[in-house]
Amino acid sequence: MNAKLLLVLGASILALSLGGNVQGQQTPAPYVRVAEIEIDPAQLDSYKAAAKQVIETSVGTEPGVLALYAVAEKDNPARVIVFEMYADLEAYKAHLETEHFKTYKAVTLNMVKSLKLADTIPIALSSKPKQ
């Protein structure tokens with residue numbers, strides 16, 4: 001599965017979780033990033049635990065974090081794609097300054113073989129209302 005397909009999958013999952021139609025609202029567009037991360041295969045389980053912890057804490061405690069999804073390629077589980085959505089650029093910057101994110105970066109520093117970050121422009125974000 002390639003990165004573009006994973007991005008589409010992440011966006012689809014995000015749309016389903018937001019609980020409303022973002023199109024047509026007068027609010028500014030969210031800040032969306034995609035991270036492509038290559039993990040040392042020998043440390044993959046430790047990385048997954050650290051990623052799960054920072055994602056759960058970030059979404060649970062930071063109001064500006066709208067969604068964080070981490071997925072691994074089926075044929076290459078050491079290749080991780082993270083879909084990040086923040087209320088705005090300031091929310092993203094605030095996220096980088098949290099203790100839980102700084103801990104994640106320190107813990108995973110020697111696990112990450114490469115990191116590529118891509119800023120994106122949201123085209124269409126939509127979801128079904130929560131029931």
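Residues numbered from 1 in each chain as written. Predicted model: local features only at pLDDT ≥ 70, side-chain atom pairs only at ≥ 80, totals over all residues. Heavy atoms only, no water.

Visitor: I'd like a description of the layout of surface pockets, backed by residues and values.
Guide: Rolled over the atoms, a probe with the dimensions of a water molecule shows which regions are left empty. By volume, the largest pocket is sized at about 370 Å³. In terms of lining, the largest pocket is formed by 22 residues, of which the most central are I37, E84, F101, Y104 and K105. Of all elements in the fold, only β1 (31–39), α2 (44–61), β3 (79–86), α3 (89–96), α4 (99–108) and β4 (112–119) reach the threshold of two or more residues within the lining of the largest pocket. Broken down by element, the residue count for the lining of the largest pocket peaks at 5 residues, all from α2. (1 Å grid on protein atoms, 1.4 Å probe; cavity = no way out; pocket = protein on both sides within 12 Å on 5 of 7 lines; lining within 4 Å. Points joined across faces, edges and corners; volume = space filled by probe spheres on them. Helix = DSSP H or I, 4+ residues; strand = E, 2+ residues; numbered from the N terminus.)

Visitor: Let's hear about the pattern of salt bridges: which residues, and what values?
Guide: This model, assessed by the stated rule, comprises 6 salt bridges. In this structure, the salt-bridge partner of R33 is D119, at a minimum N-O distance of 2.7 Å. Pair noted here: R33 is in strand β1 and D119 is in strand β4, with a separation of 86 residues, a long-range link. One salt bridge in this structure joins R79 and E36, with 3.0 Å as the shortest N-O distance. One end of the pair, R79, is in strand β3; the other, E36, is in strand β1, and 43 residues separate them in sequence. The structure contains a network of salt bridges with shared partners spanning E36, E73 and R79. (Salt bridge = Lys/Arg side-chain N within 4 Å of Asp/Glu carboxyl O.)

Visitor: Tell me about the environment of V54, and please be specific about residues and values.
Guide: Within the element layout of this structure, V54 appears in helix α2. The exposure class assigned to V54 is buried, which follows from its relative accessible area of 9%. On a C-alpha basis, the gap between V54 and E99 in space is 9.8 Å, while along the polypeptide they are 45 residues apart. The contact partners of V54, leaving out residues within four places of it in the chain, are H100, F101 and Y104. (Buried < 20%, exposed > 50% of the residue type's maximum accessible area, 1.4 Å probe, protein only. Contact = heavy atoms within 4.5 Å.)

Visitor: Help me get a handle on the sheet that holds β1, residues and values and all.
Guide: Taken in spatial order, the 4 strands line up as β2-β3-β1-β4 in an open sheet, and their pairing is antiparallel. The sheet is open, and its two borders are formed by β2 (65–72) and β4, each paired with just one other strand. Geometrically, the sheet is characterised by an average inter-axis angle of 15° between neighbouring strands, direction not taken into account. Running at roughly 125° to β3, α3 makes contact with β1, β2 and β3 of the sheet. (Pairing = 2+ DSSP bridges. Axes fitted to C-alpha atoms, helices over the stretch in contact; angles between N-to-C directions.)

Visitor: Lay out the packing of aromatic side chains in plain terms, naming residues and giving numbers.
Guide: In total, this model carries 5 aromatic pairs according to the counting rule given. Consider the rings of Y31 and Y92, whose centres lie 5.1 Å apart with planes at 45°: the pair is tilted. Of this pair, Y31 sits in strand β1 while Y92 sits in helix α3, placing them 61 residues apart in sequence. The same class applies to Y31 as to Y92, namely buried. (Phe/Tyr/Trp six-rings, centres within 6.5 Å; stacked < 30°, edge-to-face > 60°.)

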